[in-house]
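# Working through the structure, step by step
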Amino acid sequence: MTLLTEDQPCRFSAPDSPLASIEHYPVDSGPKEDYLDCMEPAVFGAVEPPKHSRGRLIMHGMVMFGREFCYAVEAAFVTPVLLSVGLPKHLYSLVWLISPVLGFILQPVIGSASDYCRSPWGRRRPYILLLGIMMLVGLTLFLNGDAVTSAILQDRNVKRTWAIVVVMFGVVLFDFAADFIDGPIKAYLFDVCSHRDKERGLHYHALLTGLGGACGYLIGAMDWGHSALGVVLGSEYQVIYFFSSLTWGIFLTMHLFSIPEKPLMKDHSSDSCPAASLLLEDPHHNGYGTVHKESPPLPEMRQRSFSALSEANAVTPSAKQPNSEVQKRMTLKSLLSAMISMPSHYRCLCVSHLLGWTAFLCNMLFFTDFMGQIVYKGNPYAEHNSTSYATYERGIEVGCWGLCINAVSSALYSYVQRLLLPYIGLKGLYFLGYFMFGLGTGLISLFPNIVATLTLCSVFGVMSSTLYTIPFNLISEYHKAEEEQRKLGSDEPALESRGTGMDCAALTCMVQLAQVIVGASLGALVNLAGSVIVVVLSASTVSLIGCLFIALFM
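You'll find the protein chain entered in an unreviewed UniProt entry as Membrane-associated transporter protein-like, with Sinocyclocheilus anshuiensis given as the organism. According to the UniProt record, the Subcellular location (unreviewed entry) comment for the protein chain reads "Membrane".

## Section: the overall build of the protein chain
The number of helices and strands found in the protein chain is 20 helices and 0 strands. Looking at the protein chain as a whole, 56% of its 554 residues qualify as buried. Relative to all contacts within the protein chain whose residues are 6 or more apart in sequence, the contacts with residues 24 or more apart total 85%. Of the roughly 22,800 Å² of accessible surface on the protein chain, 65% is carried by carbon and sulfur atoms.

## Some words on the pattern of salt bridges
In the structure shown here, the tally under the stated rule is 6 salt bridges. Where Arg124 meets Asp191, a salt bridge forms, and the shortest distance between an N and an O atom there is 2.7 Å. Remark: Asp191 occurs in helix H5 (residues 156-192) and Arg124 occurs in the loop between helix H3 (98-116) and helix H4 (125-152); sequence separation between them is 67 residues. Here Arg124 and Asp191 have matching classes, each one buried. We note a salt bridge from Glu261 to Arg125, for which the minimum N-O separation is 3.5 Å. Highlighted residues: Glu261 in the loop between helix H8 (236-256) and helix H9 (274-277) and Arg125 in helix H4, separated in sequence by 136 residues. Connected through salt bridges with shared partners, the residues Arg123, Arg124 and Asp191 form a single ionic network.

## Re the packing of H5 against helix H6 (residues 195-221)
Running from amino to carboxyl end, H5 crosses H6 at an angle of 145 degrees, the nearest separation of the two axes being 9 Å. As for how H5 packs across H6, the hand of that crossing is right-handed. When H5 is examined against H6, the residues Ile185, Lys186, Leu189 and Phe190 are found in contact with a partner set consisting of Lys198, Gly201, Leu202 and His205. When the residues that make up the contact of H5 with H6 are grouped by side-chain class, the tally is 4 nonpolar, 2 polar and 2 charged.

## Focus on the nonpolar core
Grouped together as the largest cluster of nonpolar side chains are 122 residues, with contacts concentrated most on Phe77, Met135, Phe142, Tyr217, Trp357, Phe370 and Phe460. The contact partners of Phe460, leaving out residues within four places of it in the chain, are Phe360, Asn363, Met364, Phe367, Asn406, Phe437, Thr441 and Ile444.

So, how was this worked out
Residues numbered from 1 in each chain as written. Predicted model: local features only at pLDDT ≥ 70, side-chain atom pairs only at ≥ 80, totals over all residues. Heavy atoms only, no water. UniProt positions renumbered as here; feature names shortened; annotations may be inferred. Helix = DSSP H or I, 4+ residues; strand = E, 2+ residues; numbered from the N terminus. Buried < 20%, exposed > 50% of the residue type's maximum accessible area, 1.4 Å probe, protein only. Contact = heavy atoms within 4.5 Å. Areas by Shrake-Rupley, 256 points an atom, 1.4 Å probe, with all protein chains shown as cover. Salt bridge = Lys/Arg side-chain N within 4 Å of Asp/Glu carboxyl O. Axes fitted to C-alpha atoms, helices over the stretch in contact; angles between N-to-C directions. Left-handed = near helix turned anticlockwise from the far one by under 90°. Nonpolar A, V, L, I, M, F, W, Y, C, P; charged D, E, K, R; others polar. Core = buried A, V, L, I, M, F, W, Y, C linked by side-chain atoms within 4.5 Å.

Below is the structure:
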């Protein structure tokens, strides 16, 4: 089977049907765009998207700036906030379990559902908007829960209980939405961009992710409590909430209006879409048939990378049923089956992604607490007016500066990746990111002093940039290779059942699973070891295991 190319006009004929049947739908009866829209579901994988400007791609990537800004605030303050409201030490890691468990179960369903979303606004943007609103609500409860309960309740014990509940619910809701939103954002980029623009878009995503994290950690590193803005808004946390919510709202809006999406058609029948009814497979040819030369050709199409399960089915020889019928068969059971039976290279990518995120989260979620307790030797359970607690807070602020260094190095390393790629390839970059992170965190655990720790924070950015770009670049390469195989007429079932939405969701599921592992194990490890230094050692060990896995199985 052959796909349509730039030099090959798109012409169709139904087998064993008279040529006159085409005359019922003359080409000049409507604008060219009507035919493009009408034929979108049927030949969705065969049209190359237009090239987008740098400004459009940067606008599209701005959501990653806002998301990482808010993520930086969460990473820097979630453990101190939970401990300050009175959450017992042996329970503070369990707060990460609830949202990732739900996410691991629902992520593939959401990913595939977005593949079939028929909103007139597009397939991905409705999900991105909903999850963005959920992020904002979670951030509001997380940073303002203690202040709100203190203003409403007078009894100290009741206030403490409700403060823990509200803050925990805010953390879970924010974390749930922030993790979920990454899959639709990446699928949105893949849907509307050509293969070259995908690479450029992922590069801008990595760059803006680093810059957003740097700004978020920079905001957290400043002492807002004694500033004029802190006096006006009430406390340091309210100032940080003001900046976070404003940043997220602006950049989410920019993202949603950056590049238009073409919605899926609601009706694929021949009555509403006559051009699609002509896309019948010719059993006597490897490609589509051609119309008699007297008949005017349909608008020329350009090749395009496929992005959804329905699109993959539409361009393969075995796709003989409409999209609507395929959609009805897509159940939770079939989705899980598709993930379990994924090709080996996808499975290895998911495992390596799981190891990477487990190592990264071990370090990042508890780094500021590590700085406060181990490097500065403060006590988060001391009285808030004590010297020991003030020392701990100073450690938190310096930890934010370290995470700011991490974010800046992540942005810079995104450029270094482009320089190194021709020499060591994607696998080499993948291995290098894991190795540098494992080595750096190991040295931090051995030499927990201020200078060494802040210097080695730069390796965190190498890992961050690697996790946010390399796996998705590999997904894009895998899909491109599968598209080439479909051009050659491959009937392999794995090529007919995979979509960008589900594959991006599968990768994001590994982030959820990593959070489950970290939340379930680190609390017990800290209690067993009697020190939070074990979290840095765990990060180093898991990252080096990931290096071996990439070297042997990727």
